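So you can see what is in the structure, the chains are spelled out below.
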Amino acid sequence: MRRFALPIAMTALLATLANAGPALADAPKVVVSIKPIHSLVASVMQGVGEPALLVRGGASPHTYTLKPSDAKALSTADLVVWVGPEMESFLEKPLASNAAKATVVTLMTVPGMALLDAREGGAWEAHDHGHEHGHGDHKKKDAHDHDGDHDEVNTHLWLDPVNARRIVTATAEALAAKDAANAEAYRTNAERALHSIDALDAELKATLAPVAAKPFVVFHDAYQYYEARYNLSAVGSITVNPDRRPSAKRLSAIRAKIAGLEASCVFAEPQFEPALVRTVTEGTKARTGVLDPEGADLPEGVALYPALMRNLAASLRGCLGG
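Only a predicted model underlies this, so the values are computations on that prediction, with no experimental measurement involved.

A. Layout of the environment of A313. Inspection of the secondary structure assignment puts A313 in helix α10 (residues 304-320). According to the relative accessible area criterion, A313 is buried, its value standing at 1%. Note: C-alpha distance between A313 and Y230 (83 residues apart in sequence) is 9.7 Å.

Take a look at the structure:
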């Protein structure tokens, strides 16, 4: 009788596979540019498929060079999700040449996406721009107010949980249009993600409320959406362009700003040179910390986005509240 065990087991396995849901290989091929957006897209695709990520690990989208494997992924993609050419300039030409058959979701042009104007220079103050703070602080615009010109828009839009909700919803609808068989799953996942984002938002408001009035300086102006949402008081950035070392004159101006405004903390970023932070804090009472707007040190996946947002809150609270 033992000789029949293997065939019977194989028959049972085949039957199980035949009755299983859609295989991972049958899911739409989705490519996402950067880790925070990938996390939100992955939350919508749970149980159906896994999106591919281009900028992995601690790499920066500002300096990223497309690899042959990335070009191959784009050439077979059904859907590509990115912020836009101002954030991922390395993708602009490949999207036209390698991903011509894919549906492209450009988040900066998603209807209802709230965009913030980029702040000029690096010695700005949160209250110098005629912007209000928090719910209306900093001038917000609908994506369609820019007529396709995003040169003066801050691109780190995922740092506002309200925009994260819009990213989830837009992704779910794009996937449902591509894959009607799994449309219900995408929309169910999206609803679950929206509830999680709302709970996260409430948690962060409570965490950051005690340090809202304390001035601080960031490495580059990546946190404006987060500041506006949680009424934070950033007063300047060390550099305008994180890919270029700031001049000695600029560093001197920032040091004077830190001293004059008695900034509580100056924040570095894991991808960039920490020595610059030591330079501008020398001779001042400011403490130093680290903020990571893209999750450079976090493992990619669904859990990255809430971890990224909580890590920012913990770093701010820890340094400013010290």
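B. Representation of the packing of helix α2 (residues 35-45) against helix α6 (residues 183-208) in the model. Interhelical geometry of α2 versus α6 gives an angle of 130 degrees and a closest axis separation of 7 Å. By the angle class used here, α2 and α6 are oblique. Listed contacts from α6 to L40, S43, V44 and M45 of α2 are A185, Y186, N189, A193 and I197. A breakdown of the residues in the contact of α2 with α6 according to their chemical character gives 7 nonpolar, 2 polar and no charged.

C. Layout of the pattern of salt bridges. One pass over the full model with this rule turns up 8 salt bridges. Residue R119 is joined to E227 by a salt bridge in which the shortest nitrogen-to-oxygen separation is 2.9 Å. A residue pair is termed long-range when its members are at least 10 positions apart, and R119 in the loop between β5 (114-117) and β6 (140-142) and E227 in helix α7 (residues 224-229) qualify at 108 residues. On the accessibility criterion, E227 (1% relative accessible area) is buried. Salt-bridge contacts for E173 lead to R187; the nearest nitrogen and oxygen are separated by 3.1 Å. Of this pair, E173 sits in helix α5 (residues 161-178) while R187 sits in helix α6, and the two are 14 residues apart along the sequence. Each member of the salt-bridge network shares a partner with another, and the members are R119, D221 and E227.

D. Seen up close, the nonpolar core. By size, the foremost hydrophobic cluster in this structure holds 77 residues, and its most contacted members are I37, L107, W158 and Y226. No other element matches the 9 residues that α10 contributes to this core. Beyond its immediate sequence surroundings of up to four residues, Y226 is in contact with L159, L204, L208, L232, M309, L312, A313 and L316. The next biggest cluster of nonpolar side chains, apart from the first, holds 15 residues, and it includes F219, I258, V277 and A286.

E. The arrangement of the packing of aromatic side chains in detail. On inspection of all chains with the given rule, the structure shows 3 aromatic pairs. Pairing Y64 with F90 gives two aromatic rings, centres 5.0 Å apart and planes at 65 degrees, and the pair type is edge-to-face. Here Y64 is found in the loop between β2 (52-53) and α3 (68-75), whereas its partner F90 is found in the loop between β3 (79-82) and α4 (92-97), with 26 residues between them in sequence. Pair check on accessibility: Y64 and F90 agree, each one buried. An angle of 85 degrees between the planes, with centres 5.7 Å apart, marks the rings of F216 and F267 as edge-to-face. Within this pair, whereas F216 is found in strand β8 (residues 215-220), its partner F267 is found in strand β10 (residues 265-268), the two being separated by 51 residues in sequence.

F. Local environment of the sheet that holds strand β11 (residues 287-290). Sheet architecture is open: 4 strands sit in the order β9-β8-β10-β11, paired in parallel fashion. Two strands in the sheet have a free side with no partner beyond their single neighbour: β9 (233-239) and β11. On average, adjacent strands in this sheet sit at an angle of 25 degrees to one another, irrespective of strand direction. Strand direction decides the pairing type here: β10 and β11, joined by 4 bridges, are parallel.

Cut-offs used in this document
- Residues numbered from 1 in each chain as written.
- Predicted model: local features only at pLDDT ≥ 70, side-chain atom pairs only at ≥ 80, totals over all residues.
- Heavy atoms only, no water.
- Helix = DSSP H or I, 4+ residues; strand = E, 2+ residues; numbered from the N terminus.
- Buried < 20%, exposed > 50% of the residue type's maximum accessible area, 1.4 Å probe, protein only.
- Axes fitted to C-alpha atoms, helices over the stretch in contact; angles between N-to-C directions.
- Parallel < 35°, antiparallel > 145°, perpendicular 65-115°, else oblique.
- Contact = heavy atoms within 4.5 Å.
- Nonpolar A, V, L, I, M, F, W, Y, C, P; charged D, E, K, R; others polar.
- Salt bridge = Lys/Arg side-chain N within 4 Å of Asp/Glu carboxyl O.
- Core = buried A, V, L, I, M, F, W, Y, C linked by side-chain atoms within 4.5 Å.
- Phe/Tyr/Trp six-rings, centres within 6.5 Å; stacked < 30°, edge-to-face > 60°.
- Pairing = 2+ DSSP bridges.

Distances and angles like these do not, on their own, reveal function.
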